[in-house]
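This is what each chain is made of:
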Amino acid sequence: MYKSAVYKFHNLPNILVSSFTLAIASVTSFASLIAVMNTAFAQEKNIPVCQSPKPGEYVLLVISPTTDSRNQLRRALPPELKSTTCKYLNDTVTRIGGFTKIDDANRWARYVNSIAGLSAIITTRPGQVAAAPTQTLSFQPQRLGNGFAVLVDYFNRPELANQVKQAVGGDVGFAAYGQRHYLLATYTTNQKDAYSTLKKLSERGFFAVIVDSSKVTLLRSAVAVPQN
């Protein structure tokens, strides 16, 4: 009886044996896929929240939601730049810190965008925010109060002010910071609002930064935007 069963099994048509083998392989592959997905989900769930910058430090946050994008970014970066994976708002990002000058952070943001095609956000740590400053902004140069200023590098192209105005849905100012001029996209004491504006501008291709507003000099509260 046993020999007969073995004989019958060995003499099954090749197509049935192949189908049986394929079915086993498919189940194994599916199980492997589930295991990989569960591992990836667990790793994604365990990603820590990004650490705040140290006082005086500029941090680059590169939006890199997939493992491939993060590996691509690390291959493009020199080993001396320390990077970590963390959560920023609802995004998975690669955090690159250690910059002490805004120009250095800006330069690396451009590099990341051109080499890896990834959007970068630059953030810093403003000083202690006090009560909301009164925003009686005039046309006379004056220092902004404590809070957050989102600045846009306009690359000596004043016409970008119109695009920034459309992006933020309000007036765009003109300001000086670190011996350079920028468009002032927003000035606020609300950190989340500042980060939201920064993210919106970065997603639209602007090189925007968030800085300690007490170190920003307002030159004009609203830039005259030429009408087409």
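Please refer to the structure placed before this passage.
The rules behind these values
- Residues numbered from 1 in each chain as written.
- Predicted model: local features only at pLDDT ≥ 70, side-chain atom pairs only at ≥ 80, totals over all residues.
- Heavy atoms only, no water.
- Buried < 20%, exposed > 50% of the residue type's maximum accessible area, 1.4 Å probe, protein only.
- Helix = DSSP H or I, 4+ residues; strand = E, 2+ residues; numbered from the N terminus.
- Arc of directions from axis to C-beta.
- Pairing = 2+ DSSP bridges.
- Polar contact = N/O pair within 3.5 Å; in protein donor to acceptor, adjacent residues only side chain to side chain.
- Contact = heavy atoms within 4.5 Å.
- Axes fitted to C-alpha atoms, helices over the stretch in contact; angles between N-to-C directions.
- Left-handed = near helix turned anticlockwise from the far one by under 90°.
- Nonpolar A, V, L, I, M, F, W, Y, C, P; charged D, E, K, R; others polar.

1. So, helix α3 (residues 67–76)
Right, so step 1: Residues S69, R70, L73 and A76 constitute the buried set of α3. Relative to the axis of α3, the buried residues are bounded by an arc of 125° and lie together on one face. Exposed residues lying more than 90 degrees from the buried face of α3 are D68 and R75.

2. Considerations on the pairing of strand β3 (residues 91–99)
Right, so step 1: Counting buried residues in β3 gives eight out of nine residues, a clear majority hidden from the surface.
Right, so step 2: Across five bridges, strand β1 (residues 58–63) lies against β3 in antiparallel orientation. Its bridge partner lying in β3, Y58 is registered against F99.
Right, so step 3: Pairing geometry for strand β2 (residues 83–88) and β3, over six bridges, is antiparallel. Looking across to β3, one finds that T85 is bridged to T94.

3. Some thoughts on the side chain of E57
Right, so step 1: Topologically, E57 is positioned in the loop between α2 (14–45) and β1.
Right, so step 2: Judged by relative accessible area, E57 falls into the buried class, the value being 11%.
Right, so step 3: A distance of 2.8 Å separates a polar side-chain atom of E57 from the backbone nitrogen of K54.
Right, so step 4: Every residue in contact with E57, bar those within four places of it in the chain, is listed here: R95, G97, G98, F99, T123, T124 and R125.

4. Observations concerning the packing of α3 against helix α4 (residues 102–116)
Right, so step 1: One way to put it is that α3 packs onto α4 with a least axis distance of 10 Å and a crossing angle of 115°. Relative to α4, the crossing made by α3 is right-handed. Residue-level contacts link Q72, L73 and A76 of α3 to Y111, V112, I115 and A116 of α4.
Right, so step 2: Across the contact of α3 with α4, the residue classes break down as six nonpolar, one polar and no charged.

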